[in-house]
Amino acid sequence: MTKQTDCPFRTGQGYDVHRLTDGRKLILGGVDIPYEKGLLGHSDADVCTHALMDAMLGAAGLGDIGLHFPDSDPAYKDISSLKLLEKVKDLVAAEGFVLVNADITIVAQAPKLRPFIPSIEEKLAKTLEVNVSQINVKATTEEGLGFTGTGEGISTFAVCLLVKDSRG
C-alpha cells in the first residue's frame, strides 16, 4: 500500500499533558499566565503549543514533537515552545503545506484562562504567520474530576487542517 500524498487537505490531532509544580512559570500558548504553579517539563512545558505542534506534524505525516525535539537533547532545555513551533511551521512548509486553521482546548481546573485566550491566539497566530481568525482556543475544567480536575496537571487537545500551498 502506498502513502497518499496527492490529497490537498490533511487533518491532524495532538494531545499533551504536564504536571503542575512549584517553582516554574505557567506558559500556555507562549503567554505567561500568573499562577502559583507552573508546568513541569524539559522545555517551558507549554502544553498548548505542544499539542498544536503534534497536530501539525501529524497532519503533515512528520511524526511528533518527541521525534524532532527529544527531551534528552540539552539544546531544548527550558526553550520557548514558540521557537519550536516556528521550526514545526518550517517543517510543514517544506512538505508543501500551510495551516488553514487550528482548534485548541486547554483543560485546567485553575487558573481561569478566559482573560488570556485572546493573547494566546495572537501569539500562536503571529508565530505561525497566519491571521488570528485561523486560531481558536478554548478552555474548560473537568469539574473536579481526574488529574486536571484535582489540579495535578493541565492537558490540551488540538486539531488542525493543513492544505497544499498552491503558491509552489
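What counts, and at which threshold
Residues numbered from 1 in each chain as written. Predicted model: local features only at pLDDT ≥ 70, side-chain atom pairs only at ≥ 80, totals over all residues. Heavy atoms only, no water. Helix = DSSP H or I, 4+ residues; strand = E, 2+ residues; numbered from the N terminus. Buried < 20%, exposed > 50% of the residue type's maximum accessible area, 1.4 Å probe, protein only. Polar contact = N/O pair within 3.5 Å; in protein donor to acceptor, adjacent residues only side chain to side chain. Contact = heavy atoms within 4.5 Å. Pairing = 2+ DSSP bridges. Axes fitted to C-alpha atoms, helices over the stretch in contact; angles between N-to-C directions.

1. A closer look at the side chain of His 18
Moving on, step 1. Note on placement: His 18 falls in strand S1 (residues 9-21).
Moving on, step 2. Here His 18 falls in the buried class, since its relative accessible area comes to 16%.
Moving on, step 3. At 3.1 Å, the side chain of His 18 and the side chain of Asp 16 are in polar contact.
Moving on, step 4. Reaching out from His 18, the side chain makes a polar contact with the backbone oxygen of Leu 40 at a distance of 2.7 Å.
Moving on, step 5. Residues contacting His 18, with those up to four places away along its chain left out, are Leu 39, Leu 40, Gly 41, Ala 45, Val 47, His 50, Gly 153 and Ile 154.

2. Side note on the sheet that holds strand S5 (residues 97-107)
Moving on, step 1. Read across the open sheet, the five strands follow the order S4-S1-S7-S5-S6; overall the sheet is mixed. Here the strands that pair on one side only, and so sit at the sheet edges, are strand S4 (38-39) and strand S6 (135-140).
Moving on, step 2. Bridge analysis of S1 against S4 gives two bridges, and the strand direction is antiparallel. Across the sheet, residue Leu 20 finds its bridge partner in S4, namely Leu 39.
Moving on, step 3. Strand contacts of helix H4 (residues 117-128): S5 and S6, with the helix running at about 145 degrees to S6, the strand carrying the most contacts.

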